[in-house]
Amino acid sequence: MSFSIDALRAKPDDKINLSKIDTNATPGWDTDDRAGAEARTLELNTELERLQEVMWAQGTKRLLVVLQAMDAGGKDGTIRHVFDGVNPTGVRVASFKKPSERELAHDYLWRIHAEVPGNGEMVIFNRSHYEDVLVVRVFDLVPKQRWKQRYEHIRHFEELLVDEGTTIIKIMLHISKAEQKERLQDRLDKPHKHWKFDVGDLAMRERWDDFMEAFEDAINETSTESAPWYVIPADRKWYRDLAISEIMVQTMAKMDLDFPPSDDLEGITIPD
């Protein structure tokens, strides 16, 4: 069945209201067909591996994937399941945690720009520059006037990347507060997952509504034609993986990817 990623895209002229997006929904797919979705995701993963290999061989295109979500929203799971099998030579994951003292001594985009993809590369941001209009805003780490200016900074920064040859895909994994509670509780209940539990996540959870408002504003202010946001209902992990795989493959299919021309190999023999 055809899958329209356009239904997940935040249109520049529309205003996203996260409270009206069902986190358990499966836009573009039959809600009950999990087996079919998982089979389709495997097919897409194979195609994603092929496209990424061509991009790396071609060595002229760049792809940046931005993943944002609340804690336990599925960023790590997305990276494991959607990008499983891609060639690690041409793929990097950059994770952005609390800035170091050295990073804080520069502008907030300094550490971000250093991690953007080079020719042939796919880079996945696990959190990103958007933390500086999310966490920074919710916890009043800088004055309102400063973080509001950052929407324009970010639009121009992403416009620069696009103009210089980078394709940008921005994904917000949208889970419900109830789903987050289940996932956090799972981390507490299973000793092998204790390492994933951060007490600080509870402070974030207490500000859930503030974060939803911050996410809405960030998406509405920075989803552009050239650097779009996609809002993925992510309570169902199998649907999350399917939707993001479709976005990846359909976007890369439009990137004019092709293997570079080879030298004339006629007459060459491999010596014994």
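Residues numbered from 1 in each chain as written. Predicted model: local features only at pLDDT ≥ 70, side-chain atom pairs only at ≥ 80, totals over all residues. Heavy atoms only, no water.

A.B. asks: Tell me about the pairing of strand β3 (residues 122-126), and please be specific about residues and values.
C.D. replies: A large share of β3 lies buried, amounting to five of its five residues. Here β3 shows two buried faces, one formed by Met122, Ile124 and Asn126 and the other by Val123 and Phe125. Direction of pairing for strand β1 (residues 62-69) relative to β3: parallel, over a ladder of five bridges. Counterpart to Val66 in the pairing with β3 is Phe125. Relative to β3, strand β2 (residues 91-95) runs parallel, the two sharing five bridges. Paired with Val93 across the two strands is Ile124, which belongs to β3. (Buried < 20%, exposed > 50% of the residue type's maximum accessible area, 1.4 Å probe, protein only. Helix = DSSP H or I, 4+ residues; strand = E, 2+ residues; numbered from the N terminus. Pairing = 2+ DSSP bridges.)

A.B. asks: Residues and numbers for unusual backbone geometry, please.
C.D. replies: Despite not being glycine, Ala72 has its phi angle at roughly 70°, a positive value. Within the secondary structure, Ala72 is located in the loop between β1 and α2 (75-82). Take Ala72: its relative accessible area is 8%, and that puts it in the buried class.

A.B. asks: Can you tell me about a nonpolar patch on the surface, naming the residues and giving the values?
C.D. replies: A cluster of nonpolar side chains, Leu265, Ile268 and Ile270, forms an exposed patch at the surface whose accessible area comes to about 360 Å². Within the secondary structure, Leu265 sits in the segment after α10 (237-252). When its relative accessible area of 53% is taken as the criterion, Leu265 is described as exposed. (Patch = residues over 30% accessible without salt bridge, like charges linked within 9 Å, V, L, I, M, F, W, Y side chains within 5 Å. Areas by Shrake-Rupley, 256 points an atom, 1.4 Å probe, with all protein chains shown as cover. Salt bridge = Lys/Arg side-chain N within 4 Å of Asp/Glu carboxyl O.)

A.B. asks: With reference to specific residues and values, describe the packing of α2 against α10.
C.D. replies: Relative to each other, α2 and α10 sit at 60°, their axes nearing to 10 Å. Crossing hand, α2 versus α10: right-handed. Here Gly77, Thr78, His81 and Val82 of α2 lie close against α10, whose contacting residues are Arg240, Asp241, Ile244, Ser245 and Met248. Partitioning the contact of α2 with α10 into residue classes produces three nonpolar, four polar and two charged. (Axes fitted to C-alpha atoms, helices over the stretch in contact; angles between N-to-C directions. Left-handed = near helix turned anticlockwise from the far one by under 90°. Contact = heavy atoms within 4.5 Å. Nonpolar A, V, L, I, M, F, W, Y, C, P; charged D, E, K, R; others polar.)

A.B. asks: Give me the nonpolar core: which residues, what numbers.
C.D. replies: Residues Ile232, Met248 and Met252 are the most contacted members of the largest nonpolar core, which totals 77 residues. A total of nine residues in this core trace back to one element, the largest contributor, which is α10. Once residues lying within four places of it in the same chain are set aside, the contact partners of Met248 are Leu48, Leu63, Val65, Val82, Phe83, Met122 and Ile169. (Core = buried A, V, L, I, M, F, W, Y, C linked by side-chain atoms within 4.5 Å.)

A.B. asks: Let's hear about the pattern of salt bridges: which residues, and what values?
C.D. replies: Taken as a whole and assessed by the stated rule, the structure comprises 21 salt bridges. The closest approach of N and O atoms between Asp71 and Arg127, which form a salt bridge, is 2.7 Å. In this pair, Asp71 sits in the loop between β1 and α2 while Arg127 sits in the loop between β3 and α5 (135-138), placing the two residues 56 residues apart along the sequence. Note on accessibility: Asp71 and Arg127 belong to one class, buried. For the salt bridge of Glu121 with Arg92, the shortest nitrogen-to-oxygen distance reads 3.3 Å. Taken together, the residues span a long stretch of sequence, with Glu121 in the loop between α4 (110-113) and β3 and Arg92 in strand β2 at a distance of 29 residues. Taking the relative accessible area as the measure of exposure, Arg92 reaches 26% and is therefore partly exposed. Connected through salt bridges with shared partners, the residues Arg40, Glu43 and Glu246 form a single ionic network.

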